[in-house]
Amino acid sequence: MMKFRFRRQGNDPHREKIKQDLFAFNKTVEHGFPNQPSALAYDPKLQLMAIGTKSGAIKIYGAPGVEMTGLHKDTAAVTQIHFLYGQGRILSLLDDNTIHLWEIVQRENRSHLVEVHSFNLPGRPGIESTSATRVTVMLLKLSCDLLALGTEGGGVHFLELPTLTLLNKSLFQDEIMQSIPEEYKCGKSLGPVESLQQHPQDSDKILIGYSRGLVVLWDLNSRHVDNLFLGKQQLESLVWERSGNSFVSSHSDGGYMLWAVSSSNPCTHDPISSTIPYEFDDPSALVVLLEEELVVIDLQMAGWPTVPAPYLAPLHSSAITCSCHISNVPPRLWERVISAGQQQCPLQNYENWPLCGGKNLAADPKPKELLLTGHEDGTVRFWDASGVSLKPLYKLSTANIFQTDGDHNDSLTQAGEEEWPPFRKVGCFDPYSDDPRLAIQKISVCKYSGKLVVAGTAGQVIVLVLSDEKSDHMIDVATVDLLQDREGFTWKGHDRLPPKSGSVVFAPGFQPVVLVQCMPPAAVTAVTLHAEWNLIAFGTSHGFGLFDYHRRSPVLARCTLHPNDSLAMEGPLSRVKSLKKSLRQSFRRIRKSRVSGKKRVVVNSPTSKVQEANAQLAEHDAEVTPVQRRIEPRSADDSLSGVVRCLCFADTFLRDGTHHGPTMWAGTNSGSVYAYALDVPSQEKFSEQSVEALLGKEIQLMHRAPVVSIAVLDGRGNPLPEPYEVSRDLAKAPDMQGSHSVLIVSEEQFKVFMLPKVSAKTKFKLTAHEGCRVRKVALSNFTSVSSEEYSENALVCLTNLGDIHVFSVPALRPQVRYDCIRKEDISGIASCVFTKTGQGFYLISPSEYERFSLSARVITEPLCRVDVERPHDLSAHSGSSTTLPPQANGTHKTQAESKAVETEGLLDEMRSSLSSPVLDSPNSSADVTLDTTGELTVEDVKDFLMTVDEAENNYRNMTEEDGRPAGILIN
């Protein structure tokens, strides 16, 4: 009998309307600390802060939820930024010597930051070189109608604001040199302008400081030198004393001098000695912008404590190694986590935050969300991800249950009271880890029972329970041998982390109850938890295990190693030695597949039924599908083929079609899937009976592509509910009347098999159709914008090319596709995590998460308003003397230094795009962990090692509707 498949011609308008109501792609907000900050400004009237970055971004912050971002067209570093006080205008100076004016404008009842003008200072033809007109310092007059620019050549130019029009009143060095005594000239130039300061009592006079040390008080109206201050040290900055009778100069040798300003002495040779720097009025807080964090110090409280920040938290205080998102957090869990965090930091009160400008228009998010980040130092940090501001809530440390060589107390905090200088460490950025084995690799949470499982680099799997009270107890330790006494394998990697003996004191919060140690102590690559059954499952590069944490007893251990898996025995911290070997094997495999040109037949496989079903689907597709890319099956002897990539628990039909029960599923790097039927006793008999596991099915995918995810669907094709959701009436019971199915996602395709016979139902060949590989997947629920009652479950997929595909479930029909991440950003792709409501996060730098939404309904973005007044007569405010006069101290830089910075920026960009956040940490210069922010494997690197012949072959196999070539990085 002949088989036909008919394709629907054109699009169904009704379905297209439904898709528009369900799906929409938006990059919404950036969480964390700006990467490579380079400039800082503050508006005391609007109470807003602005930060400029080396990538050309300007970010404005006010009250929590008030955030705006602007990006210059050219990717040049922002060297200076200045607010036009109270006007909602910002001036920015870039490293390419351009000046830009930004305005906060109102659109759709919300505020946005837009660029309105730009200016490039021209040079005097035949007199000044390009470097001579390079701007070193900007001074914005208090009247906000004039901008003074100091240059590298020593000139001072003036622009009219807000039009950025150059005025014909420039001041050059030759005009100043006429007033300088001959003995001071010595035939030398004055050097670049380092500082410009407006006189605090006379707005028509400015103080000009030159690099050589000369300081000039210049009258703008009369164009006359009022005073000369003949300094002899290289100048760095200037600051006025409030009365205008004196000023302080700071110099390159670390010293500073006090100069008297007197009309009776127009030429001052010697300064007055100074012992303390000057400060204006009564400051309330000190804001310090560092390279990796923002520190705010309360100057009005005794002891000058730091003020906790409601945003701009340094996510990378220790390098991020993994992440986990929890949607719809139960109120009880939320309250307990906040309580534990407040007991860790009793002074964590955001009411003292000095930046309170603007108004947050977003409603208080009702469904609470948590983002958990695992770090290199063994900590897990809990963040409030419900809104625009990512707030730190609680920090869990696992280092205190192990014996490590490092001392957890910083040496600065141990300094005696009589030691000098009496420095006190502030801030939380500390990238150093006492032991790289502490790094967290995987996290799994049960939000209803308050149980948490974290797994690390040295094979440690820790089960923790949320407690509201302080505890002092011993931790039970169990060891699971995943090699199962298999001969011929010797572990050459790092040792396990020795646990502490005796009782350990734990603060309120998540407290460990049992430590499961995998042997060999390889990095844990997968972990999952089922709190209702008291079971955890975990996997490494050697195999997977099942553990009953209630009875503290192992249930199952299965070795997945292939006889040629030698790389798996070397350990994650010694993979640098094996990188060349891995690449050599990859190239050898590619050459071998080209020579053979034939599909390998898997023999002695226990899954004949599955292979028959695959063959039937292959025949079915071959008759009607267009030309596809040929996918070569992978060799069974690939290195790290035994790596366990995913694990899941499910209550489904595995033994027969009439009796359902607990099951556990495991997928490996070689395309193998193991399904176990579990005999779990009732809750009343947990302590009496042990859990038993029996292998029910073993599936081998035809092309041996790594299994990325496994999910069981109920009779209606919906994902199964989480543990406790049904028993606590928090979700509808799954359909147990219809046939269940299992969705198996490999790097190359999606397949749905009917249970319990494991017969193939449908599939989608992603690699063959799109020329890409799966990196991250999740099942998300999308609610319609038109009706809250209508929703659909969908499979969300991120590929190695950085694009996101959404498929219907269980039919696996493509719905939408979006470009999300640059394909060169391997670290960003590996760090991506999806939410159950159609949102996602990925690292755009070691310190920042980009948040995006695929849902047309669920969007978390800044909704804020900043009310500003821009008077037409700007000069009306020039007489004000109550506000702090503007001050500007430049950062002089030679052309060679500028080129060096540009080169360094390019290297930083290449380094960030080709390395994981873990590798950026000082502790990781020689060690490459097996798992950082995701499954970063040799396969990821192989995407960028494609030869010309292979690219041509891929292009030849593409159809016209597959119009995008496979990813090739040309660098």
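What you see is a predicted model; the values in this text were computed from it and never measured.

Trainee: Please explain the environment of S317 as it appears in this structure.
Mentor: Summarising the element assignment, S317 is placed in the loop between β23 (294-298) and β24 (320-326). It is 8.3 Å that separates the C-alpha atoms of S317 and S847, two residues lying 530 residues apart in sequence. Ignoring any residue separated from it by four or fewer positions in sequence, one finds S317 in contact with R381, C428, F429, D430 and P431.

Trainee: How should the pairing of strand β14 (residues 193-198) be read in this particular structure?
Mentor: Counting buried residues along β14, 6 of its 6 residues qualify, which places the element largely inside the surrounding structure. Here β14 pairs with strand β15 (residues 205-210) via 5 bridges, running antiparallel. Paired with Q197 across the bridge in β15 is L207. Where β14 hands over to β15, the hairpin turn is made up of 6 residues, counted between the paired strands.

Trainee: Hey, could you run me through helix α4 (residues 331-344) in this one?
Mentor: A turn of α-helix holds 3.6 residues, and therefore any two residues three or four places apart point the same way. In this model α4 runs 20 Å from its N-terminal to its C-terminal C-alpha over 14 residues, within 8% of the 20 Å that 1.5 Å per residue would give. Considered for burial, the residues of α4 that qualify are L333, W334, R336, V337, A340 and G341. Next to the buried residues of α4 lie β26 (370-375), β27 (379-384), β28 (391-397), β31 (460-467) and β35 (509-519).

Trainee: How do you make sense of the nonpolar core when you look at a structure like this?
Mentor: In globular proteins that are soluble, nonpolar side chains generally tend to be buried together. L372, F382, I443, L452 and F510 are the most contacted members of the largest nonpolar core, which totals 33 residues. In terms of residue count, the dominant contributor to this core is α4 (4 residues). Other than its neighbours up to four places away in sequence, F382 contacts V337, L370, L371, L372, K391, P392, L393, Y394, L396, L452 and F510. Counting 24 residues, the second-largest nonpolar core is a separate cluster that includes V156, I208, V225 and L230.

Trainee: What should I look at first to understand the environment of V806 in this one?
Mentor: Looking at the secondary structure, you find V806 in strand β50 (residues 803-808). When its relative accessible area of 1% is taken as the criterion, V806 is described as buried. Sequence separation between V806 and L854 is 48 residues; the distance between their C-alpha atoms is 8.9 Å. Setting aside its immediate chain neighbours within four residues, V806 contacts F23, A794, L795, R813, P814, Q815 and V816.

Trainee: Explain the sheet that holds strand β52 (residues 833-834) to me, please; I cannot follow it from the model alone.
Mentor: Adjacent strands of a sheet pair through backbone hydrogen bonds, lying either parallel or antiparallel. A sheet is described by the order of its strands in space; here 4 strands give the open sequence β1-β54-β53-β52, paired in antiparallel fashion. If you trace the sheet from one side to the other, it starts and ends with β1 (23-32) and β52, each paired once. Examined bridge by bridge, β1 and strand β54 (residues 848-855) share 7 bridges and lie antiparallel to one another. Directly across from N26, in β54, lies its bridge partner S853. Strands in contact with helix α1 (residues 13-22) are β1 and β54; relative to β1, the strand with the most contacts, it is inclined by about 10°.

Thresholds, definitions, all that
Residues numbered from 1 in each chain as written. Predicted model: local features only at pLDDT ≥ 70, side-chain atom pairs only at ≥ 80, totals over all residues. Heavy atoms only, no water. Helix = DSSP H or I, 4+ residues; strand = E, 2+ residues; numbered from the N terminus. Contact = heavy atoms within 4.5 Å. Buried < 20%, exposed > 50% of the residue type's maximum accessible area, 1.4 Å probe, protein only. Pairing = 2+ DSSP bridges. Expected span 1.5 Å × (residues − 1). Core = buried A, V, L, I, M, F, W, Y, C linked by side-chain atoms within 4.5 Å. Axes fitted to C-alpha atoms, helices over the stretch in contact; angles between N-to-C directions.

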